[in-house]
Amino acid sequence: MHVADRVYSEGQIVGVLTTEPLGRVLDYKAPEGGCGDGDFVEVPLGPRRVLGVVWGVGEGKFDPARVRPIARVLEARPMRGELRAFLARAADYTLTPLPAMLRLATRAPGLGEGPATRRVLRLAGPVPNSLTDARHRVIEALRDYGGAAVTMAELTEAAGCGASVVKGLVKLGVLAEEDAPKDTPYPPLKPAGAGHLVGDQVAAGDALVAAVAQGGYSCTLLKGVTGSGKTEVYLEAVAECLRAGRQALVLLPEIALTADFLTRVEGRFGARPAEWHSGVTMTERRRLWRMVSEGGAGLVVGARSALFLPFQDLGLIVVDEEHDTSYKQEEGVLYNARDMAVLRGAISGCAVVLASATPSLETWANVEAGKYARLDLGARYGVAEMPAMHTIDMRGENLPADRWISAKLAAEVTARTEKGEQSLLFLNRRGFAPVTLCRACGNQIGCDHCDARMVEHRFLKRLVCHQCGATKPVPLACPTCKVEGRMAAVGPGVERLAEEVAARFPEARLAVLSSDLFGSARALKEQIGVIAAGGADIIIGTQIVAKGHNFPLLTLVGVIDADLGLQGSDLRAAERTFQLMRQVAGRAGRAEKKGEAWLQTHQPDHPVIRAILGGDEEAFWRAEAAERRMAGVPPYGRMAGIILSGPDVAQVFDFAGELARRDGPLRRVGAQVFGPAPAPVARVRGRHRVRLLVKADKSVPLQAALAEWVAQLKPPTNMRVAIDIDPQSFM
């Protein structure tokens, strides 16, 4: 239970948590008119004024005469006790300074401004047939915003034109410019009526509705094969939440997913929900943040950072595709949104639903331990059936060096194209080829700023580093041996495969789905829509296609290199390959037509490949769980990664070595430290990276021991120390 919010009269000493990197709560005097716990305030800090939240009673350790008063209380709903408790618990768990956590919860512009109006533009009159290119872009940009009112700055940026073009359209009467309230409630969603559930869906829907209706915390794994209608089932729980006048949050792993999802929500509830992700304008962010805090948004669909929004009465959190690795924030505050969703649900007293066709082993283990409930959807929705799975043993294929599609897979693709059906060729890589090397001396082109190999992007005509983002032109001569004309890209990438497909299937319409090729989420959404409507015969895709898109005409999935994910030292390599292959295969045959999946592999007898083919998921999880339990690694042990980085490699290694030697606080709780060792990618943006890995038993209070251990040494000013609790990637 949370302590009731206190009210402080003028002059009382209160503690204010600011968003500045100071690491502690600061004392201030309550202003004229007083303030209360959770109030958003502006406080003086040195010569500046900064944003803060009243966090409780002040410490009072300083001379009251020297304590400065709060400058002003902002016109925003106070932060509720449950959100403050969530931020504090999340900070403790992830060993993140509390001000950094508060920054995640105050990511809306103009928090200090009161209700106000702004000048906005909207379509007003008929659009003339003949428009200049720039004016046409303005109209298209407005339509992309789905009829929402847009500011001049947002419209000119989206259309890539000057304000004069927009003003010309206003003069013509095509656009109208008007004053509008900055923040308006979202259209109410109508939860009346039931969705169209069938078979297993009915019982699962009833169970989730009951979990929401009884109130209080619960966590349920909703597991169902790809295409079994998980979305329809958890939307019933959303409907129950809305009927009770409470708010619901649905987290999705990829912005591109939201277009299809928003359409389904609109079909079910008669209006679009609120959206929160990096593709949303600042104006819309401000509106959503305010409306969520005032109860003017019933359903929010968003990326992982939506977990930190100031909900007034949260009744349900859904984490869709809960196994997806993009729920782990890898920069800044390191947290896993799936785990934090469960924590927020427990603190808020609301139902949590984790939905996936291929759950993470962590979630599977929590179900086995009785911590989470489990609901299974066995069959596919409607008449669709699961695809038949086959392997192609590449050891017996005699392909030329520049070819990756086996004769068998090519024949299957041709057969589908002739029937007017779609084929998906899946590659676990982005870019043209993984490595560019010199055929004369064997030298590989590495990045100048880090230790990753550079990848050739043929469409950009450049080499790109996927680790730090550096680019450079493809050299004509080898930088090492100076021989010209012998630089070659080795191994397939998306663009190389696209060239092979264009050559082998010249009549087929080709679409490439790789996040590199799209400048914006909007462009990616459009391409997905075109493909779903039948605008391509062959689709080449990377991991982005495994994420819940629905292509009704797709009946064949070919995995070009099924072995790829099995290489490397990642403890989750087997789990991720299993999930990815099952998810990708699940894209085939989602409507009336039967689908097939073909996996090209050099290791047809590998246990993971056999488990994918056999479809016995429980057997795979049991075997994988036994292996992890033996090794004492997550979810049956605890792990933390410590990444030290700095410009001087010797200094970083010396500091890491000294830290490893002073491991007393860790040994006292039975934890072990491994390393130091160069991180797998040992240099990023000119900074050398060194890793230490800490392992401990499941029951060990690891965070306190880590904090005590790291606090023994103060790093030099040019060195950064990052602690990653439950690391997902071992970069």
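The structure we're discussing is the one just above.
(A) Fine view of the pattern of salt bridges. With the rule as written, the count across this model stands at 35 salt bridges. In this structure, E236 engages R268 in a salt bridge whose closest nitrogen and oxygen atoms are separated by 3.0 Å. Remark: R268 occurs in helix α8 (residues 258–269) and E236 occurs in helix α7 (residues 230–243); sequence separation between them is 32 residues. R268 shares its class with E236; the two are buried. A salt bridge links K328 to D724; the shortest N-O distance between them is 2.7 Å. Here K328, found in the loop between β14 (314–320) and α10 (337–348), pairs with D724, found in strand β31 (residues 720–725); they are 396 residues apart in sequence, far enough to count as distant. You can call K328 buried: its relative accessible area is 4%. Taken together, the salt bridges that share partners define one network made up of K408, E412, R416 and E596.

(B) Local environment of the sheet that holds strand β20 (residues 455–457). Judged by pairing direction, the sheet is antiparallel, and its 3 strands sit side by side in the order β20-β21-β22 without closing on themselves. What marks the edges here is a single partner per strand, and that holds for β20 and β22 (471–473). Neighbouring strand axes in the sheet, compared pairwise and without regard to direction, differ in orientation by 35 degrees on average. The pairing of strand β21 (residues 462–464) with β22 spans 3 bridges and is classified as antiparallel. From the neighbouring strand, V464 faces β22, where its bridge partner is T471.

(C) Region of interest: the sheet that holds strand β11 (residues 247–251). Spatial ordering of the open sheet is given by β12-β13-β11-β14-β15-β10-β16, a layout of 7 strands whose pairing is parallel. Two strands close off the open sheet at either side, each with one partner strand: β12 (274–276) and β16 (373–377). Ignoring strand direction, the axes of neighbouring strands in this sheet form an average angle of 20 degrees. Examined bridge by bridge, strand β10 (residues 218–224) and strand β15 (residues 351–356) share 6 bridges and lie parallel to one another. What sits directly across from L221, in β15, is L354. The strands that helix α11 (residues 361–368) touches are β10, β15 and β16; relative to β16, the one it contacts most, it runs at about 115 degrees.

(D) Spotlight on the packing of aromatic side chains. Under the criterion given, the structure shown has 5 aromatic pairs. Their ring planes at 75 degrees and their centres at 5.4 Å tell us that F40 and W289 sit as a pair that is edge-to-face. Within this pair, whereas F40 is found in strand β5 (residues 40–45), its partner W289 is found in helix α9 (residues 282–294), the two being separated by 249 residues in sequence. With respect to class, F40 is no different from W289; both count as buried. Taken together, F86, F308 and Y335 form an aromatic cluster joined through their ring pairs. One residue, R287, lies across the ring of Y186, its end atom 3.8 Å from the ring centre. Here the guanidinium or amino end of R629 rests over the ring plane of Y636, the centre of that ring lying 4.2 Å away.

(E) Quick peek at helix α18 (residues 649–661). With 13 residues, α18 ought to run about 18 Å at 1.5 Å a step, and its terminal C-alpha atoms sit 18 Å apart, in line with that. What α18 keeps buried is the set V652, F655, A656, G657, L659 and A660. Between the side-chain oxygen at the start of α18 and the backbone nitrogen of A650 there is a gap of 3.0 Å, and the oxygen is on D648.

(F) Region of the structure containing the environment of Q651. Of note, Q651 is situated in helix α18. A relative accessible area of 25% means that Q651 is categorised as partly exposed. Between the C-alpha atoms of Q651 and H688, which are 37 residues apart in sequence, the distance is 9.7 Å. Setting aside residues no more than four positions away along its own chain, Q651 makes contact with P716, N718 and M719.

(G) How the structure looks around the packing of helix α3 (residues 133–144) against helix α5 (residues 163–172). Across the interface, α3 lies against α5 with an axial gap of 10 Å and an inter-helix angle of 80 degrees. Considering the angle they form, α3 stands roughly perpendicular to α5. Mapping the contact onto sequence places A134, R135, V138 and I139 in α3 and V165, V166, G168, L169 and L172 in α5. In terms of residue class, the contact of α3 with α5 is built from 7 nonpolar, 1 polar and 1 charged.

(H) Seen up close, the side chain of E362. With respect to the element layout, E362 can be found in helix α11. We classify E362 as buried; its relative accessible area is 13%. Among all residues touching E362, those that are not within four sequence positions of it are R338, R572, E575, P634, P635 and Q728.

The rules behind these values
Residues numbered from 1 in each chain as written. Predicted model: local features only at pLDDT ≥ 70, side-chain atom pairs only at ≥ 80, totals over all residues. Heavy atoms only, no water. Salt bridge = Lys/Arg side-chain N within 4 Å of Asp/Glu carboxyl O. Helix = DSSP H or I, 4+ residues; strand = E, 2+ residues; numbered from the N terminus. Buried < 20%, exposed > 50% of the residue type's maximum accessible area, 1.4 Å probe, protein only. Pairing = 2+ DSSP bridges. Axes fitted to C-alpha atoms, helices over the stretch in contact; angles between N-to-C directions. Contact = heavy atoms within 4.5 Å. Phe/Tyr/Trp six-rings, centres within 6.5 Å; stacked < 30°, edge-to-face > 60°. Lys NZ or Arg CZ within 6 Å of the ring centre and 35° of its normal. Expected span 1.5 Å × (residues − 1). Polar contact = N/O pair within 3.5 Å; in protein donor to acceptor, adjacent residues only side chain to side chain. Parallel < 35°, antiparallel > 145°, perpendicular 65-115°, else oblique. Nonpolar A, V, L, I, M, F, W, Y, C, P; charged D, E, K, R; others polar.

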